[in-house]
Amino acid sequence: MARLAVVLLLVVATALVLRWRRPAWYWMTFGVALAALRVLVRYASVMDACGLTVPPSRWRLALSRMTDRPAPEPRAPRILRLRPTRTGLVLRLKLRPGQDAFDVSAATDRLRHSFGMYGVTAREIRSGVVELRMTGYDVLKRVQMPAKIDRAPMRIPVALREDGSVHYRDYRTVPHGLTLGATESGKSVYQRNLVAGLAAQDVALVGIDCKQGVELFPLARRFSALASDQDTALELLEALVSHMESVYQLVREQQRISVDVPDAEIAADIWDLAEDLRPPPVVVLVDEVAELALFASKEEEKRRDRIITALVRLAQLGRAAGIYLEICGQRFGSELGKGITMLRAQLTGRTAHRVNDETSANMAFGDISPDAVLAAIQIPADAPGVAVAGDSTGGWSRIRAPHTSLRAAVNLCNKYADRTPYVPALAPFRPAVASSASGALTLNKASTATA
Ligand SMILES: Nc1ncnc2c1ncn2[C@@H]1O[C@H](COP(=O)(O)OP(=O)(O)OP(=O)(O)O)[C@@H](O)[C@H]1O
Ligand SMILES: [Mg+2]
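Quick caveat, the model's predicted, so the values are computed rather than measured.

**Student:** An account of the overall build of the chain is needed here, citing residue identities and associated values.
**Tutor:** Helices and strands together make up the secondary structure of the chain, namely 14 helices and 16 strands. When the backbone C-alpha atoms are referred to their principal axes, the chain occupies close to 90 × 60 × 45 Å. Within the span of the chain, comprising 451 residues, buried residues form 39% of the whole. Residue pairs at least 24 apart in sequence account for 64% of intrachain contacts in the chain once pairs closer than 6 positions are excluded.

Pasting the structure below:
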């Protein structure tokens, strides 16, 4: 008897310690079973308390009157499925006549604490069927990507969403992206995750890092082109524009359409070409975009205008040529001068890390969703990497990228260095890298600048 008590005590103590120190492990060992039990036991009363039941139908009332039975109870949505996941539970409900998905999503906060879960989100799967995704603990506190991720070309699993699902950066559906955030909010780490994900794919990476290259130059071995100042950036962007034009020529040759069809009206893109003809897609990563838009003199202003024009052209026409922009900055508004809002309108994939004021958040989400603006302002300063990201359905969710260290990203880039495709137009900007025996990188920046 005493031994049983000791074992029980040990189990409870282990559970408590796990729950405190390792919520993910706690969830997998004890949490999931307890939570599933709790949800099933409390289901009817919680739904009733949250106003998610419908009164019994007329024929049931009549039947009970005829058979002299007590009046039937109000009915909650029927549970179609309860599925445990790595981070929580997924409950699929069939709504009763007269209920709608909005009722359920309006009640998610009440459901959350009634079921003792950390977070609950609701979404409609099809007419009358709603999925409640519940998380058992704060999955964004310590981001762990699931082991099983569906991989597809140009679709990078870059972060974890609040509801435990994976957030993808899919270049084929959302070609251009804008990432905003105050300093130290995690923009560069997010971008680093993208590079780490793209490194293993057949894609040319182009980096413009006006912070003297501190973020992207360590990853140079996987990059086809790098620029660390405005002058090189301008040459690089103009080379990209001419690369884009030559890709259009190639697509047009394959289509055999006459030459006077304007580029933008060509429906086909590089993905329609045969694989052996297809030029590699190019992802252009720009860190600290404001640096490209600032100028001090007339001379610099001219350069600035040419840079912005090239960026706008790439954003407008790049997609079909397989050129994708990924732009990062602290602010990206009209105060940076002409052309900026036009460029911003082309950048569909918005992500906002912590921002200091509403206007910065508005630059990302003002024209999309006021809720998302509010959520971006509320990101706490002690959680770098947490961001609000728009998704393909027009909604948004809170995400956080895993904390990939620069070392880990460098190792990945070195591992896949041989995947760096040869793009003739970008060859002059290819960083010259000499690797020493220890694997450390030395960089010959002069050769990139003078190219
Ligand atoms: N996803 C994350 N998880 C945990 N920590 C993170 C995450 N992202 C960033 N951090 C921490 O925040 C620090 C700042 O991140 P980062 O350098 O990406 O900020 P930034 O927005 O690029 O800042 P700046 O505008 O100054 O370049 C990092 O050194 C890292 O320690
Ligand atoms: Mg940065």
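**Student:** Quick rundown of the sheet that holds strand 3 (residues 119-126)? Include the residues and the values.
**Tutor:** Backbone hydrogen bonds hold the strands of a sheet together, and the pairing may be parallel or antiparallel. With respect to topology, four strands assemble into an open sheet ordered 1-2-4-3, the strand pairing being antiparallel. In this open sheet, the two strands that pair with only one neighbour each are strand 1 (78-84) and strand 3. When strand polarity is set aside, the average angle formed by the axes of neighbouring strands in this sheet is 20°. Taken together, the six bridges between strand 1 and strand 2 (residues 88-94) define a ladder with antiparallel strand orientation. Bridge pairing links Ile 79 to Leu 93 in strand 2.

**Student:** Mind laying out the nonpolar core, listing which residues take part and the relevant values?
**Tutor:** Of all hydrophobic cores here, the largest spans 116 residues; its most connected members are Val 195, Val 206, Leu 236, Val 283, Val 284, Leu 314 and Ala 376. In this structure, this core is formed jointly by two domains, domain 1 (2-135) and domain 2 (155-450), each of which donates at least three residues. Each residue touching Leu 236, except ones within four places of it in the same chain, is listed here: Val 206, Ile 208, Ala 225, Ala 227 and Phe 429.

**Student:** Outline the packing of helix 11 (residues 358-365) against helix 12 (residues 370-377), supporting the account with residue identities and numerical values.
**Tutor:** The packing of two helices is summarised by the inter-axis angle and the distance between the axes. Interhelical geometry of helix 11 versus helix 12 gives an angle of 135° and a closest axis separation of 9 Å. By the angle between their directions, the pair helix 11 and helix 12 is classed as oblique. In the packing of helix 11 onto helix 12, the handedness of the crossing is right-handed. Along the contact surface, helix 11 presents Glu 358, Ala 361, Asn 362, Ala 364 and Phe 365, while helix 12 presents Ala 372, Val 373, Ala 376 and Ile 377. For the contact of helix 11 with helix 12, the per-class residue count stands at seven nonpolar, one polar and one charged.

**Student:** Before we move on, could you go through unusual backbone geometry and cite the residues and values that matter?
**Tutor:** Phi at Asp 68 takes a positive value of approximately 65°, unusual for a residue other than glycine. Among the structural elements, Asp 68 can be located in the loop between helix 3 (58-67) and strand 1. By C-beta crowding, Asp 68 is classed as exposed, having 6 other C-beta atoms within 10 Å. A positive phi angle is found at Met 154, which is not glycine, with a value near 60°.

**Student:** Mind laying out the site of ligand 1, listing which residues take part and the relevant values?
**Tutor:** As a matter of local geometry, ligand 1 sits amid 14 residues, with Gly 186, Ser 188, Val 189, Pro 384 and Gly 385 nearest to it. For the shell around ligand 1, the element with the most residues is helix 6 (residues 187-199), which contributes three residues. Looking at the shell around ligand 1 residue by residue, the classes come out as three nonpolar, eight polar and three charged.

**Student:** Account for the domain arrangement of the chain, with residues named and values stated.
**Tutor:** Along its sequence, the chain is organised into domain 1 (2-135) and domain 2 (155-450). Summarising the inter-unit geometry, the C-alpha centres of domain 1 and domain 2 are found 42 Å apart.

**Student:** Give me the lowdown on helix 11, citing residues and values where you can.
**Tutor:** Considered for burial, the residues of helix 11 that qualify are Ser 360, Ala 361, Met 363, Ala 364 and Phe 365. On its buried face, helix 11 is in contact with strand 7 (177-180), strand 12 (349-352) and helix 12.

**Student:** Give me the pairing of strand 3: which residues, what numbers.
**Tutor:** Examined bridge by bridge, strand 3 and strand 4 (residues 129-135) share seven bridges and lie antiparallel to one another. Its bridge partner being in strand 4, Thr 121 is matched across the sheet by Arg 133. Between strand 3 and strand 4, which pair antiparallel one after the other, the connecting turn spans two residues, and Gly 128 there sits at a positive phi close to 85°.

**Student:** A description of the environment of Ala 389 should follow, citing residues and the corresponding values.
**Tutor:** In this structure, Ala 389 sits in strand 13 (residues 386-390). Classification of Ala 389 as buried rests on a count of 27 C-beta atoms within 10 Å. For the pair formed by Ala 389 and Ala 364, sequence separation is 25 residues and the distance between their alpha carbons is 9.4 Å.

**Student:** Account for helix 12, with residues named and values stated.
**Tutor:** Of all the positions in helix 12, only Ala 372, Val 373 and Ala 376 are classed as buried. Down the axis of helix 12, the buried side of the element spans an arc of 105°, and every buried residue falls inside it. Away from its buried face, by an angle of more than 90 degrees, helix 12 presents the exposed residues Pro 370 and Asp 371. The inward-facing, buried residues of helix 12 contact strand 12, helix 11, strand 13 and strand 14 (396-400).

**Student:** Hey, could you go over the sheet that holds strand 6 (residues 166-170) for me, with residue numbers and the actual values?
**Tutor:** Read from one edge to the other, the open sheet built from 10 strands follows the order 6-5-14-13-12-7-11-10-8-9, with strand pairing classed as mixed. Looking at strand neighbours, the two that pair on one side only are strand 6 and strand 9 (223-227), the edges of this open sheet. Going from strand to strand, the sheet's axes swing by 25° on average, the running direction of each strand aside. Note that strand 7 and strand 11 (residues 323-329) share four bridges and pair parallel. Considered in strand 11, the bridge of Thr 179 is made with Cys 328. This element, helix 6, spans strand 5 (155-161), strand 6, strand 7, strand 8 (204-209), strand 10 (282-287), strand 11, strand 12 and strand 13 of the sheet and lies at about 140° to strand 5. Across the sheet, helix 11 touches strand 7 and strand 12, and the angle it forms with strand 12 is around 160°.

The rules behind each value
- Residues numbered from 1 in each chain as written.
- Chains lettered and ligands numbered in written order.
- Predicted model: local features only at pLDDT ≥ 70, side-chain atom pairs only at ≥ 80, totals over all residues.
- Helix = DSSP H or I, 4+ residues; strand = E, 2+ residues; numbered from the N terminus.
- Buried ≥ 20, exposed ≤ 12 C-beta atoms within 10 Å, placed from the backbone.
- Contact = placed C-beta atoms within 7 Å.
- Pairing = 2+ DSSP bridges.
- Axes fitted to C-alpha atoms, helices over the stretch in contact; angles between N-to-C directions.
- Core = buried A, V, L, I, M, F, W, Y, C linked by C-beta atoms within 7 Å.
- Domains from an automatic or database assignment.
- Parallel < 35°, antiparallel > 145°, perpendicular 65-115°, else oblique.
- Left-handed = near helix turned anticlockwise from the far one by under 90°.
- Nonpolar A, V, L, I, M, F, W, Y, C, P; charged D, E, K, R; others polar.
- Near = placed C-beta within 6 Å.
- Arc of directions from axis to C-beta.

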